[in-house]
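# Fold and contact review
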Amino acid sequence: NMTIKEASETTGISIDNLRYYERIRLIPEVPRNASGIRNYDEVSLNWIDFVMRFKRGGMALESIREYVQLALEGEETKSARKEILLETKEHLEGKMKVIQESLDVINYKLDTYEQNCCPLTMEMVTEWKKKKEQE
C-alpha cells in the first residue's frame, strides 16, 4: 500500500490529477486508512492503469467514467459497456485512417523527394525570389 505521493510517482500521474480522477469518479474510490488518508493498494493502481489505457487511446473522460461506473454496477451492464467500447473503437479507427493518409503522403514525398519534391520546392523558391525582386 502507498500514499498518494508514492502512487503519483509510480503511475506518473500528478497528485492533483489522481485526486481529480477520484473526485469525478473516473476511478473508483481509493481506500483510506484510519486517519482518512488515501491508501493506494494494488486494486487502486490496477484501476488507474486500466483507465489511463483508455485515456491514452483517446476515449473521452465522460465515456471512461461511464464505463467504470457501469462496471462497478455489475454484469447486467455488460452490453452497455460493450457499446462504449464499440463507439470508441470506431472513433479510433477514424483517427487512424486520417493518420495513415497523412503518413502515406509523407512516404510518397520521401520516396519521390529527389525527382519531384526537391525540384518543385526550388522552383517555388525561384518564383518567390523573382517576385520579391520585382517589388
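Preceding block: the structure.
Now for a description of the structure that goes with this document. (Residues numbered from 1 in each chain as written. Predicted model: local features only at pLDDT ≥ 70, side-chain atom pairs only at ≥ 80, totals over all residues. Heavy atoms only, no water.)

## Some remarks on the overall build of the chain
For the chain, the count of helices and strands is six helices and zero strands. Beginning at the N terminus, the succession of helices and strands in the chain can be written as α-α-α-α-α-α. Whereas a compact globule of 135 residues would reach a radius of gyration of roughly 14 Å, the chain reaches 25 Å, over 25% beyond that. Pairs at least 24 residues apart make up 40% of the contacts formed inside the chain by residues separated by at least 6 positions. Counting every atom, the chain has about 10,000 Å² of accessible surface; 54% of that belongs to carbon and sulfur. Between the mean site of the 21 positive side-chain charges and the mean site of the 25 negative ones, the chain shows a separation of 3 Å. (Helix = DSSP H or I, 4+ residues; strand = E, 2+ residues; numbered from the N terminus. Rg over C-alpha atoms; globule rule 2.2 N^0.38 Å. Contact = heavy atoms within 4.5 Å. Areas by Shrake-Rupley, 256 points an atom, 1.4 Å probe, with all protein chains shown as cover. Lys, Arg positive; Asp, Glu negative; His and termini not counted. Charge placed at Lys NZ, Arg CZ, Asp CG, Glu CD.)

## Describing the packing of helix α1 (residues 4-11) against helix α2 (residues 15-23)
Where α1 meets α2, the closest approach of the two axes is 9 Å, and the angle between their N-to-C directions is 100°. One finds that α1 runs roughly perpendicular with respect to α2. Seen from α1, the contacting residues are Ile4, Lys5, Ala7, Ser8 and Thr11; seen from α2, they are Ile15, Leu18 and Arg19. Along the lines of polarity and charge, the residues of the contact of α1 with α2 split into four nonpolar, two polar and two charged. (Axes fitted to C-alpha atoms, helices over the stretch in contact; angles between N-to-C directions. Parallel < 35°, antiparallel > 145°, perpendicular 65-115°, else oblique. Nonpolar A, V, L, I, M, F, W, Y, C, P; charged D, E, K, R; others polar.)

## Points about the pattern of salt bridges
For the coordinates displayed, the defined rule picks out 10 salt bridges. With a shortest N-O distance of 2.5 Å, Arg65 and Glu62 are connected by a salt bridge. Here Arg65 pairs with Glu62, and both are found in helix α4 (residues 61-73), just three residues apart, close to one helical turn. Across the pair Glu75 and Lys78 runs a salt bridge, and its minimum N-O distance is 4.0 Å. (Salt bridge = Lys/Arg side-chain N within 4 Å of Asp/Glu carboxyl O.)

## Regarding a negative patch on the surface
Taken together, Glu66, Glu83, Glu87 and Glu90 make up a surface patch of like negative charges. For the negative patch, the leading source of residues is helix α5 (residues 78-111), giving three residues. With respect to the helices and strands, the residue Glu90 is situated in helix α5. Note on Glu90: relative accessible area 61%, which makes it exposed. (Patch = residues over 30% accessible without salt bridge, like charges linked within 9 Å, V, L, I, M, F, W, Y side chains within 5 Å. Buried < 20%, exposed > 50% of the residue type's maximum accessible area, 1.4 Å probe, protein only.)

## Let's talk about α2
Residues of α2 that are buried: Leu18, Tyr21 and Glu22. Across the axial projection of α2, the buried residues extend over an arc of 100°, all falling on one side. Those residues of α2 that are exposed and aimed more than 90 degrees away from the buried face are Asp16 and Arg23. Positive phi shows up at Arg25, right after α2, with a value of about 65°. (Arc of directions from axis to C-beta.)

## Describing the packing of aromatic side chains
Applying the stated criterion to the full structure yields five aromatic pairs. Taking the centre distance of 5.3 Å and the plane angle of 75° together, the rings of Phe54 and Tyr67 count as edge-to-face. Taken as a pair, Phe54 in helix α3 (residues 42-56) and Tyr67 in helix α4 lie far apart in primary sequence, 13 residues in all. Here Phe54 matches Tyr67 in class, with each residue buried. Here a set of aromatic residues connected by ring pairs shows up, and it is made of Trp47, Phe50, Phe54 and Tyr67. (Phe/Tyr/Trp six-rings, centres within 6.5 Å; stacked < 30°, edge-to-face > 60°.)

## Focus: α5
One full turn of an α-helix is made of 3.6 residues, so residues set three or four places apart face in the same direction. Across its 34 residues, α5 extends 48 Å between first and last C-alpha, which sits within 8% of the 50 Å expected from 1.5 Å per residue. Listed as buried for α5 are Arg81, Ile84 and Thr88. Those residues of α5 that are buried are in contact with α4. (Expected span 1.5 Å × (residues − 1).)

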